[in-house]
Amino acid sequence: MTAPTAPRWSVFRNGDFRLYGGARFLTGLAYQMQAVAVGWFVYDLTRSALALGLVGLASFLPAMLSALITGHVADTYDRRLVTAIAYAILAAADLGLLGFALFGTGAIWPIYALVVVIGTSRAFANPALQALLPTLVPRDLFGSAIAWNASLWQTASIIGPAAGGLLYVLGPAVVFGAAAASFALASALVAAIRFRPDPVTERPPVTWATLSAGLSYIRSQPVVLGAISLDLVAVLLGGATALLPIFAAEILHVGPFGLGALRSMPAAGAVITAIALAYRPLERHAGARMLQAVAVFGLAITVFGLSTSLTLSMACLFVTGAADMISVYVRQTFVQGETPDAMRGRVSAVNTVFIGASNELGEFESGTLAALVGAVPAVVAGGLATILVALLWGRLFPALKARDRLLPAE
């Protein structure tokens, strides 16, 4: 007999999950407002696609260089406090951007320096926060928690870019101030979570073996390795986020508010898909669905690159968000559901690097390629390459393609 399914809203009866979800929503709001403001501000100052790409590189490099340390910290110290401190530093960095917007001289390097601080803080916050979630909810609600968590994040990602574009009309300092306030409140919410881990009686020594345990674990799990690497390569090649200011200004001829609307579309598709997954989780063929979603993502990116219509462009970005949400849902469930708690921080740190590479490093790749061949050819080539990657990964990782259930039987 099949066990009865818990109501999909049940996870919100958990007070710690409500605090966690509130922090997740606020940080999603802050990240998106910040991204719109930094992107438009840098493009205003430089009119350079390469400068936009360097913003992504400055954000990603700290996560890549510190991944082994941040994972070790998440597995050794109170994940709640690690996250709260990191969010407080993010609030301070946004206040720094606010000050530069008001009193800066027009030089670009202080923006990059503050983006490095933001990237470093995110590198500590993300694995600690990801590893915290499975400890807050029972196993039977974990799939629902993953979907609602993603839904909250993506809802913020709908509101954030539009709010950032609207507030930017009042000046970039207003956007950075709003982002700082959101990070500060998120820090307070995470600190208020009541869950306390068991006291650590003996901290593991900082050795290469302990630091690299997350990498070793992922290599030993072909399904997890295939899912993470698929997301890395596909979004690295198919990402178009860094080039949206160019499409908004030079191809679609819309201003900052139009840019915010474009940035909101992937999140709109993602949040609707996340809510659907919360109510009707994937029951079968999880690996195949992930590969199919990545192929759809690549197709939508290709059409976006060719579009000169704002309506069609927004529709394509909506589809990319929906497809990406399916991929994220499957990957996050694999990563968090199959990893022992003692290693979740280190595995999550590696996962964060892969996510960062597929987003921030993808922005650098897109900006560099666009500087060489133009924005439209860069996006179209990336979309076609993503479709090929989905086909290739089905052959390289047969265990991923054949994976049926999201969570293994206990």
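What counts, and where the lines are drawn
Residues numbered from 1 in each chain as written. Predicted model: local features only at pLDDT ≥ 70, side-chain atom pairs only at ≥ 80, totals over all residues. Heavy atoms only, no water. UniProt positions renumbered as here; feature names shortened; annotations may be inferred. Helix = DSSP H or I, 4+ residues; strand = E, 2+ residues; numbered from the N terminus. Buried < 20%, exposed > 50% of the residue type's maximum accessible area, 1.4 Å probe, protein only. Contact = heavy atoms within 4.5 Å. Salt bridge = Lys/Arg side-chain N within 4 Å of Asp/Glu carboxyl O. Axes fitted to C-alpha atoms, helices over the stretch in contact; angles between N-to-C directions. Parallel < 35°, antiparallel > 145°, perpendicular 65-115°, else oblique. Left-handed = near helix turned anticlockwise from the far one by under 90°. Nonpolar A, V, L, I, M, F, W, Y, C, P; charged D, E, K, R; others polar. Phe/Tyr/Trp six-rings, centres within 6.5 Å; stacked < 30°, edge-to-face > 60°. Lys NZ or Arg CZ within 6 Å of the ring centre and 35° of its normal.

The protein chain carries the name MFS transporter in an unreviewed UniProt entry, which gives Methylobacterium marchantiae as its organism. Quoted verbatim from the Subcellular location (unreviewed entry) field of UniProt, the annotation for the protein chain is "Cell membrane".

Enquirer: Before we go on, may I ask you to explain the environment of G382 in this structure?
Expert: With respect to the helices, strands and loops of the structure, G382 is situated in helix α16 (residues 375-396). The exposure class of G382 is buried, given its relative accessible area of 6%. Beyond its immediate stretch of four places on either side in the chain, G382 contacts L237 and G238.

Enquirer: Just to check I follow, could you spell out the pattern of salt bridges for this structure?
Expert: Side chains carrying opposite charge are able to pair once their charged atoms draw close together. This model, assessed by the stated rule, comprises six salt bridges. Here R331 ties to D231 by a salt bridge, and the two come within 2.7 Å at their closest N and O atoms. Residue R331 is located in helix α14 (residues 310-338), and its partner D231 is located in helix α10 (residues 222-238); the two are separated by 100 residues in the primary sequence. Residues R331 and D231 agree in their burial class; the two are buried. It is possible to trace a salt-bridge network through shared partners that takes in D75, R79 and R346.

Enquirer: Please explain the packing of helix α6 (residues 142-168) against helix α12 (residues 256-279) as it appears in this structure.
Expert: Two measures define how a pair of helices packs: the angle their axes make with one another and the distance between the axes. The interhelical angle for the contact between α6 and α12, taken along N-to-C directions, is 165°, at an axis separation of 7 Å. What the angle tells us is that α6 and α12 run roughly antiparallel. Between α6 and α12 the crossing geometry is left-handed. In terms of residue class, the contact of α6 with α12 is made up of 19 nonpolar, seven polar and one charged.

Enquirer: Where do I start with the environment of L133 in this structure?
Expert: Within the element layout of this structure, L133 appears in the loop between α5 (109-132) and α6. The exposure class assigned to L133 is buried, which follows from its relative accessible area of 3%. With twelve residues separating them along the chain, L133 and A145 place their C-alpha atoms 8.1 Å apart. Apart from residues no more than four positions distant in its own chain, L133 is found in contact with F17, Y20, A145, I146 and N149.

Enquirer: What exactly am I supposed to notice about the packing of aromatic side chains here?
Expert: Given two aromatic rings, one states the distance between the centres and the angle between the planes to describe the pair. Overall, the coordinates contain nine aromatic pairs when judged by the stated rule. Summarising the aromatic geometry, the rings of F12 and W148 are spaced 5.4 Å apart at their centres and angled 70° between planes, so their arrangement reads as edge-to-face. With F12 in the segment before α1 (15-46) and W148 in helix α6, this residue pair connects regions lying 136 residues apart in the sequence. For the pair F17 and Y20, a centre-to-centre distance of 6.3 Å together with 15° between the ring planes defines the contact as stacked. Highlighted residues: F17 and Y20, both in helix α1, separated by three residues, approximately one helical turn. For the residue pair F17 and Y20, the accessibility class agrees, reading buried in each case. Over the ring of Y31 we find R122, and its NZ or CZ is 3.9 Å from the ring centre.

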